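A closer look at the structure
As a plain string of letters, each chain reads:
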Amino acid sequence: MSGRRWTAGVLLALLSVAGCTEGEASPEGASPSATTSSASRTPTTAPATSNAPTPEEEAAEAATAVVNEMLRVTDAAKRDPGARDWEPEIRRFAGDPAALLAVTAVRDYATIGLRQEGDTAVDLEVTTVDLASPEGPTVRITGCYDSQSTRVVKVETGEVVPPGTPPRYVWDITVTRYEAEQGSPWLVNQLDPLTDRPC
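Positions within a chain are numbered from 1, following the residues in the order the chain's sequence is written. pLDDT decides what is reported in this predicted model: residues at 70 or higher carry local features, side-chain atom pairs at 80 or more are listed and counted, and totals for whole chains, interfaces and linings draw on all residues regardless. Side-chain measures here rest on the full set of heavy atoms in the structure, leaving out hydrogens and waters.

Here, the term disulfide refers to a pair of cysteine sulfur atoms separated by no more than 2.5 Å. With the rule as written, the count across this model stands at 1 disulfide. What pairs with Cys-144 in a disulfide is Cys-199, and their sulfur atoms sit 2.0 Å apart. Because the sign of the S-S torsion sets the handedness, a value of about 90 degrees for the bond joining Cys-144 and Cys-199 places this disulfide among the right-handed ones. Linking Cys-144 in strand 4 (residues 138–146) with Cys-199 in the segment after strand 8 (186–198), this pair joins segments that are 55 residues apart in sequence. Judged by relative accessible area, which is 41%, Cys-199 ranks as partly exposed. Only DSSP runs of H or I with at least four residues qualify as helices, and only runs of E with at least two residues qualify as strands; both kinds are numbered from the N terminus onward. The buried label goes to any residue with under 20% of its type's maximum accessible area, the exposed label to any with over 50%, and the partly exposed label to all in between, with areas taken from a 1.4 Å probe on protein chains only.

The next subject is the nonpolar core. What is meant by a nonpolar core is a set of buried Ala, Val, Leu, Ile, Met, Phe, Trp, Tyr and Cys residues, joined one to another through side-chain atoms within 4.5 Å. Grouped together as the largest cluster of nonpolar side chains are 32 residues, with contacts concentrated most on Ile-141, Ile-173, Val-175 and Val-188. Take this core: its biggest share by element is 10 residues, from helix 3 (residues 55–79). With sequence-adjacent residues up to four places away left out, Val-175 is seen in contact with Ala-63, Val-66, Val-67, Pro-137, Thr-138, Val-139, Ile-141, Trp-186, Leu-187, Val-188 and Asn-189. The contact criterion used is simple: two residues touch if any of their non-hydrogen atoms lie within 4.5 Å.

This next bit is on the sheet that holds strand 6 (residues 160–161). Pairing between two strands is assigned when DSSP locates at least 2 bridges connecting them. Taken together, 3 strands build an open sheet; the order of strands is 2-5-6 and the sheet is antiparallel. In this open sheet, the two edge strands, each paired with only one partner strand, are strand 2 (114–118) and strand 6. Pairing of strand 2 with strand 5 (residues 150–154), which is carried by 5 bridges, proceeds in the antiparallel orientation. Each residue of the ladder has a partner; that of Glu-117, found in strand 5, is Arg-151.

As structure tokens, then:
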């Protein structure tokens, strides 16, 4: 996908999820459990023969959790985009290019006079875990996004902005562990809405 199409697609998805991605109410946002639902192929419980999860299972759990947190924060930001600078909080859970696209979408909401209603609903499924990736430990996740879980409205009139996307479509998500940074955080660095792939 070209850079322009990717960027346009992400912004469209962010608008529709908020249309596309997160919340309302308080600046702290909604609780993570209210934001998304997730399913993973990787078991979340340890095998019967062991008391500890495998490194792959731990990575899958951490990656899924950070996706949910990013969505929680972006939902909160889109509910009240002009309340403050949301970039530092978004960057706690996202790296570029995903962070830049999310921050830009929130700022665009504030500039254009839009806000989101509702919480993003996306079913998450871990598809691959690569702990030896050259970029750092990486988890790939496929999400099925429900574009009807949120809506974008014009602040002044309350008019709903049509999403212009299918009711449910695939998100391609990549989460990487940034081992060179303090605390070695897991960050969402790709959230690519594939509007041509219904789910």
